[in-house]
Amino acid sequence: MLLNKILNGFQDEAVYIIAEIGQNHQGSLATAKQMISEAKKAGCHCVKFQKSDLPAKFTRSALERKYVSDHAWGKTYGEHKEYLEFSKDQYLELQAYSRELNVDFTASAMDERSLDFLLELNVPFIKIGSGDANNFPLLKKAAGLDLPLVISTGMQTMTTVERIVQIMEEAGKHNFALMHCVSSYPTLPKDCQLQTISLLRQRFPSVVIGYSGHELGISISKAAVLLGARIVERHFTLDKNQKGSDHRCSLEPTELRTLSRAIGDFKLGKKPLAASEIIRTLNGGNELAEALRDVHDKDIMLCELPCRNKLGKSIVATRNLSKGHRLQLNDLAIKVSEPRGLTAETYWDILGKELTDSVCEDEPITGSMLIL
Ligand SMILES: CC(=O)N[C@H](C=O)[C@@H](O)[C@H](O)[C@H](O)COP(=O)(O)O
Ligand SMILES: C=C(OP(=O)(O)O)C(=O)O
């Protein structure tokens, strides 16, 4: 697999291209297969899905909340997500089909049970999406595997990214990559913050840096490669005008083919190009210049707040806990919760803290419930 060669430092000039089918298959196995075939024809190395175990990823109230949107596939968020989930047999069929077409097949593990599911499937690598980049227990479990990891960093601060790398280092894990990502759909050029790629390369010189983009078009993704991204992930669709939250910021087959050919034509070496050279090389205008503006730090962006509020993970109780109880590891789970609680990255920091209030199973733990 090309990804292994890149992660092992054997292929400075190669870029691994992932077609993120995600949930753009509309819940249809036939459409998913057609998408796999089109992604392969477009020159992608990998087709990727999103795997969630709904009660493991979401609290009951998050699943029961009404989902009022033109993009909803059910009345509640749970019904919507259920409609878009494939079964194990369907995953096996999609995996067999991808094998026939000689394209790598994997999914993001959106909770620990989904990680186990993907391990049973024997996928070649695991993607951890931005929603789980601060889910340290999931990262720790994934870091203990031999499999390569591709970890997105949307909706996260540099401090959280440093902790991700620390978790990998503590597990002795070397075969992982960090993806620059801005979790807004579509991301405006001014919000793309491509120079975060340079920042991540400087801060973590031994880690392969990639780009998971949600912007419109392909120029910004090309620029990401010229800046040093060696994995590129883009959402893929057969038609951008379909129902579904991600279609608009996805690439259709022709665009994906144009992007993969352009990447293949670049003469890449170890040294990235400067912003001005990139703009010249790509004949870019204002939008590319905006995407390439200097970046001095990595923080959660305003444009990411809607996604963070919808899919950011919180700490919830695994069982009923009484006032005065001191929190232990097995009291806590990390889920998308409605309403939200303490953010996932505080998981290890609140161990041993005393509850000032009782909390019910599957409900969020908030800062005001703790004696800090
Ligand atoms: C952060 C994250 O997981 N983002 C994913 C990857 O980019 C997205 O595909 C979401 O699953 C999608 O946008 C959710 O849409 P809805 O809420 O309509 O199912
Ligand atoms: C959420 C995902 O990706 P990203 O954060 O890279 O958009 C994913 O791969 O499921």
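As the structure is a prediction and not an experimental result, all values here were calculated from the model.

### Looking at the overall build of the chain
Counting its regular elements, the chain contains 15 helices and 12 strands. The C-alpha radius of gyration of the chain comes to 20 Å, within 12% of the 21 Å expected for a compact globule of 372 residues. Scored against the burial criterion, the 372 residues of the chain give a buried share of 57%. Carbon and sulfur atoms provide 48% of the accessible area of the chain, an area that totals close to 15800 Å².

### Observations concerning the UniProt feature "domain: AFP-like" (unreviewed entry) in the chain
Mapped onto the present numbering, the UniProt feature "domain: AFP-like" (unreviewed entry) falls on residues 314–372. Across residues 314–372, the secondary structure splits into 0% helix and 22% strand, with the terminal C-alpha atoms separated by 17 Å.

### Here's the deal with the domain arrangement of the chain
Structurally, the chain comprises domain 1 (2–291) and domain 2 (312–371). A straight line from the C-alpha centre of domain 1 to that of domain 2 covers 30 Å. Across the contact, 21 residues belong to domain 1 and 14 residues belong to domain 2. When the two sides are added together, the surface that domain 1 and domain 2 hide from each other amounts to roughly 1500 Å², 52% of it contributed by carbon and sulfur. Of all residues in domain 1, Thr59, Arg60 and Asn134 bury the most surface against domain 2, accounting for 30% of the area lost on that side. One salt bridge connects Arg60 with Glu361, and the closest N-O pair in it is separated by 3.2 Å. Elements supplying a minimum of two residues to the side of domain 1 that touches domain 2: helix 3 (54–57), helix 4 (60–64), helix 8 (136–143) and helix 9 (158–170). Along the lines of polarity and charge, the residues of the side of domain 1 that touches domain 2 split into eight nonpolar, six polar and seven charged.

### What about the pattern of salt bridges?
Under the criterion given, the structure shown has 20 salt bridges. In this structure, the salt-bridge partner of Glu233 is Lys127, at a minimum N-O distance of 2.9 Å. In this pair, Glu233 sits in strand 8 (residues 231–235) while Lys127 sits in strand 4 (residues 126–128), placing the two residues 106 residues apart along the sequence. Comparing Glu233 with Lys127, the two get one shared label, buried. Here Glu162 makes a salt bridge to Arg203, at a shortest N to O gap of 2.9 Å. Pair noted here: Glu162 is in helix 9 and Arg203 is in helix 10 (residues 196–203), with a separation of 41 residues, a long-range link. The exposure class assigned to Arg203 is partly exposed, which follows from its relative accessible area of 41%.

### A few points about the nonpolar core
Among the nonpolar cores identified, the biggest contains 76 residues, and Phe49, Ile126, Ile151, Met168, Leu178 and Leu194 are the most heavily contacted of them. The dominant element in this core, judged by the number of residues it contributes, is helix 9, at six residues. Once you skip the residues sitting within four places of it in the chain, Ile151 turns out to touch Ile128, Leu139, Ile164, Met168, Phe176, Ala177, Leu178 and Met179. By size, the runner-up hydrophobic cluster in this structure holds 15 residues, among which are Ile315, Ala317, Ala344 and Leu355.

### Thoughts on the site of ligand 1
Close to ligand 1 lie 16 residues, the nearest being Tyr77, His80, Ser245, Asp246 and Lys310. Computed on the free molecule, ligand 1 has an accessible area of 480 Å², of which 93% lies beneath the protein chains in the complex. At the level of elements, helix 5 (77–84) and helix 15 (305–311) are the ones that each hand at least two residues to the shell around ligand 1. Class assignment for the residues of the shell around ligand 1 results in seven nonpolar, six polar and three charged.

### Observations concerning the packing of helix 8 against helix 9
At a minimum axis distance of 9 Å, the contact between helix 8 and helix 9 shows a crossing angle of 30°. Along this stretch, helix 8 crosses helix 9, giving a crossing that reads as right-handed. When helix 8 is examined against helix 9, the residues Phe136, Leu139, Lys140 and Ala143 are found in contact with a partner set consisting of Thr160, Arg163, Ile164, Ile167 and Met168. Considering only residue class, the contact of helix 8 with helix 9 consists of six nonpolar, one polar and two charged.

### What about the site of ligand 2?
The environment of ligand 2 is formed by 13 residues, the closest being Ser108, Lys127, Ser130, Ser152 and Ser212. With respect to ligand 2, the side chain of Ser108 contributes an N or O atom lying 2.7 Å from an oxygen atom. When the free accessible area of ligand 2 is taken as 290 Å², the share hidden by the protein chains comes to 94%. In terms of residue class, the shell around ligand 2 is built from two nonpolar, seven polar and four charged.

Here is what the cut-offs are and how they apply
Residues numbered from 1 in each chain as written. Chains lettered and ligands numbered in written order. Predicted model: local features only at pLDDT ≥ 70, side-chain atom pairs only at ≥ 80, totals over all residues. Heavy atoms only, no water. Helix = DSSP H or I, 4+ residues; strand = E, 2+ residues; numbered from the N terminus. Rg over C-alpha atoms; globule rule 2.2 N^0.38 Å. Buried < 20%, exposed > 50% of the residue type's maximum accessible area, 1.4 Å probe, protein only. Areas by Shrake-Rupley, 256 points an atom, 1.4 Å probe, with all protein chains shown as cover. UniProt positions renumbered as here; feature names shortened; annotations may be inferred. Domains from an automatic or database assignment. Contact = heavy atoms within 4.5 Å. Buried area = accessible area lost by both parts, 1.4 Å probe. Salt bridge = Lys/Arg side-chain N within 4 Å of Asp/Glu carboxyl O. Nonpolar A, V, L, I, M, F, W, Y, C, P; charged D, E, K, R; others polar. Core = buried A, V, L, I, M, F, W, Y, C linked by side-chain atoms within 4.5 Å. Near = heavy atom within 4 Å. Axes fitted to C-alpha atoms, helices over the stretch in contact; angles between N-to-C directions. Left-handed = near helix turned anticlockwise from the far one by under 90°. Polar contact = N/O pair within 3.5 Å; in protein donor to acceptor, adjacent residues only side chain to side chain.

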